[in-house]
Structures are given as C-alpha cells and as structure tokens.
Amino acid sequence: MINGHIDSGYIISAVLVAAAVTFVLRVLPFGLKKALAGSEVLDALSHWIPLGAVALLAIYAVSRIDFSSTHTAVPYLAGFVVTALVHLWKKNMVYSMIAGTATCVILINWVF
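Every chain's residues receive numbers from 1 upward, in the order its sequence appears when written. In view of the model being predicted, local features appear only for residues whose pLDDT reaches at least 70, and side-chain atom pairs are presented and counted only at 80 or more, with totals across whole chains, interfaces and linings using the full set of residues. Excluding hydrogens and water, the side-chain figures rest on all heavy atoms present in the structure.

K.L.:
Mind laying out the layout of surface pockets, listing which residues take part and the relevant values?
P.N.:
Gaps between atoms show up when a probe of the same size as a water molecule is rolled over them. Put simply, the largest pocket is a space of about 720 Å³. What lines the largest pocket is a set of 22 residues, and nearest its centre among them are Val54, Ala58, Phe80, Thr83 and Met97. Only DSSP runs of H or I with at least four residues qualify as helices, and only runs of E with at least two residues qualify as strands; both kinds are numbered from the N terminus onward. Those elements that provide at least two residues to the lining of the largest pocket are α2 (40-63), α3 (70-90) and α4 (93-111). Per-element accounting of the lining of the largest pocket gives the leading share, eight residues, to α2. When grouped by side-chain class, the residues that make up the lining of the largest pocket number 16 nonpolar, six polar and no charged. Cavity: a set of points on a 1 Å grid over the protein atoms alone where a 1.4 Å probe fits but cannot get out. Pocket: an open set with protein on both sides within 12 Å along at least five of seven lines, its lining residues, like those of a cavity, having an atom within 4 Å of a point. Grid points are joined across faces, edges and corners, and a volume is the space filled by probe spheres set on the points. As a working rule, the residues Ala, Val, Leu, Ile, Met, Phe, Trp, Tyr, Cys and Pro are called nonpolar, Asp, Glu, Lys and Arg charged, and the rest polar, with Gly in that last group.

Listed below in structure tokens is the structure:
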C-alpha cells in the first residue's frame, strides 16, 4: 500500500491467481473423468448426491418456517406435505415441486 492506495501490481497478481485457480478447478473434473470411469464410488455419488441436495433444501426450507403463527406455518407445512405426497405417488420431482409450490401459494394468497 502506497499512501493509502493499493499497488496495481498486487491487484493484477490477485486477479491472475484467482483466474488460474478458477481455471484449474473447472478443468480438473474433465481430467479426472477418464481416471474415475467405472468407479463404484462415482456411481454411488451420482445416485446419492441429488437426493442429498433435495434433502438439504427441504431441511433448510422447513427450518425457516415461523411456527409461532398459524398464518405462516400452515401454508408452508401444507406445501411441504403435498410435495412429499405427490412425489411418493408420481415419483416425479417436477410434479411434486409444482404441486407443493402451488399449494403454498394458494394458501398464502387466498386462504390465510
């Protein structure tokens, strides 16, 4: 730092390092693809990661519900239950998300 100003060489080097790290992280999966082809671990991850991501989103969504008021809790919980039931019935994530979201929106806007 010179007289309160950041040196331009520092900024340029920081941008170059960030760009290099980003480039390596973007290229790395393509390089590892051949090495991991047919791997049991990769097959297991491809099966469990989508389920884990949806589970984490569901946990996060439910944890943000204000349970002190029925006006806010009931629509969100009803949407959550409808989403789960439609998914168990149709086994289609798109249908279940649309049904749960529609339930929540309808209850919030026209019932509560």
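K.L.:
I'd like a description of the side chain of Ser96, backed by residues and values.
P.N.:
Of note, Ser96 is situated in helix α4. On the basis of relative accessibility, which here comes to 2%, the residue Ser96 falls in the buried class. Here Met93 takes part through its backbone oxygen, which lies 2.9 Å from a polar atom of the side chain of Ser96. The residues touching Ser96, leaving out its near neighbours within four places in the chain, are Thr83, Val86 and His87. A simple rule labels every residue: compare its accessible area, found with a 1.4 Å probe on the protein chains alone, to the largest value its type can have, and call it buried under 20%, exposed over 50%, or partly exposed in between. Pairs of N or O atoms within 3.5 Å make up the polar contacts considered here, provided that, within protein, one atom can donate a hydrogen while the other can accept it, and that residues adjacent in sequence are counted only when both atoms are side-chain atoms. Contact definition: two residues touch when any of their heavy atoms are within 4.5 Å.

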